[in-house]
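Chain residues, written in single-letter form:
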Amino acid sequence: MTVALLVLLKITVTIIIFGIGLDSTLHDAVRLFRQPALLLRSLLAMYVLVPLAAVGLVILLPLPAGAEAGLLVLAVSAGAPLLPRKLLGIGDGAYTFSLVAVSSVLAVILVPLWLEMLGPMFPRLPRLAPEKTALVLGESFFLPLLAGMAVRRYFPKLAAWTGGRVVGLAGLAMTLAAVVLLAVNWHVVLEVRWQGIAALALLILMALIIGHLVGGPKEEDRSALAVACATRHIGIAVAVATSLPGARTAVVISIYIAISVAITLPYTRWRRVVAGRHGAPLK
């Protein structure tokens, strides 16, 4: 049943990306290339600072094996927000989408590279070939994204009506699948112990802070990057988890999903309040 739930998680991620495509254009995807400074800051935060924060936590905290591997796998699996822009209701939507698209392309190289570099320090981590990463991204990101964008182009009214609904339903299904996975493997949750759960929460908080500080002077960019840093590409993380024996790493990913929602949503509410006080509400 654990394998089936992991497959369901991957499917819901794919549907969410399709829903994002229903509300996005090619012009949105290339926006970051017109802002190279923001692009470099964003990639630095997502693909360098957040993984380094995770490495620091693993070195400093006594974590069970599954929690250690799960934390590192999630930290290097950047590329797609767990909570898309329609659900969050913050930040510049075009910037968020462009960041997702660009970082997902780079994930083909950067995720295997990070796992290769961390391998000597953490032998439990698997290796992930670039072609496998490309396959995962193709199946769970690029194909559904392009399909959604095609529907938007040829059936704009249908895309406008279904986009948010598709994302909302798939997000709910993903959360439920994660909860069921935790229930089925409750004994593994006990093995992860409070240290593992606390480390996941700390990583998400640190990622929010990193994105918020590195995002630059614009409030909407800081908010969007903070959320992008705190959310990882579940499709890649699940692909890595399935290559590890047992269900520990997969359960850690499910714990992460629950904690991410619990921490990220209050942050987005706070950012909307702050923006409202300055008379420029976030989009």
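For the structure, see preceding data.
Reading the values: the criteria
Residues numbered from 1 in each chain as written. Predicted model: local features only at pLDDT ≥ 70, side-chain atom pairs only at ≥ 80, totals over all residues. Heavy atoms only, no water. Salt bridge = Lys/Arg side-chain N within 4 Å of Asp/Glu carboxyl O. Helix = DSSP H or I, 4+ residues; strand = E, 2+ residues; numbered from the N terminus. Buried < 20%, exposed > 50% of the residue type's maximum accessible area, 1.4 Å probe, protein only. Phe/Tyr/Trp six-rings, centres within 6.5 Å; stacked < 30°, edge-to-face > 60°. Lys NZ or Arg CZ within 6 Å of the ring centre and 35° of its normal. Expected span 1.5 Å × (residues − 1). Bend = angle between axes of the 7 residues up to and from the residue.

Student: What is the right way to read the pattern of salt bridges from this model?
Tutor: Note on pairing: side chains with opposite charge can pair once their charged atoms come close. Tallying each qualifying case throughout the model produces 2 salt bridges. In this structure, the salt-bridge partner of R222 is E219, at a minimum N-O distance of 3.5 Å. Highlighted residues: R222 and E219, both in helix α10 (residues 219-230), separated by 3 residues, approximately one helical turn. E219 gets classed as partly exposed once you look at its relative accessible area, which sits at 30%. R271 is paired through a salt bridge with E219; the nearest N and O atoms lie 2.1 Å apart. With R271 in helix α12 (residues 248-277) and E219 in helix α10, this pair connects stretches of sequence that are 52 residues apart. Exposure remark for R271: the relative accessible area of 3% places this residue in the buried category.

Student: How do you make sense of the packing of aromatic side chains when you look at a structure like this?
Tutor: The geometry of an aromatic ring pair is captured by the separation of the ring centres together with the interplanar angle, meaning the angle of the planes. The full count for this structure, using the stated rule, is 1 aromatic pair. Seen in terms of ring centroids, Y267 and W270 are 5.7 Å apart; in terms of plane orientation they differ by 55°. Their pairing is tilted. Placement of both Y267 and W270 in helix α12 is noted, with a separation of 3 residues, approximately one turn of the helix. The ring of W161 carries the charged tip of R165 above its face, separated from the ring centre by 4.2 Å. Sitting above the plane of the W270 ring, R271 keeps its charged end 5.0 Å from the centroid.

Student: Looking at this model, I keep getting lost on helix α3 (residues 36-60). Mind explaining?
Tutor: For an α-helix the count is 3.6 residues per turn, leaving residues at separations of three or four pointing the same way. Here α3 spans 35 Å end to end across 25 residues, near enough to the 36 Å set by a 1.5 Å rise per residue. Within α3, the axis deviates most sharply at A45, by approximately 35°.

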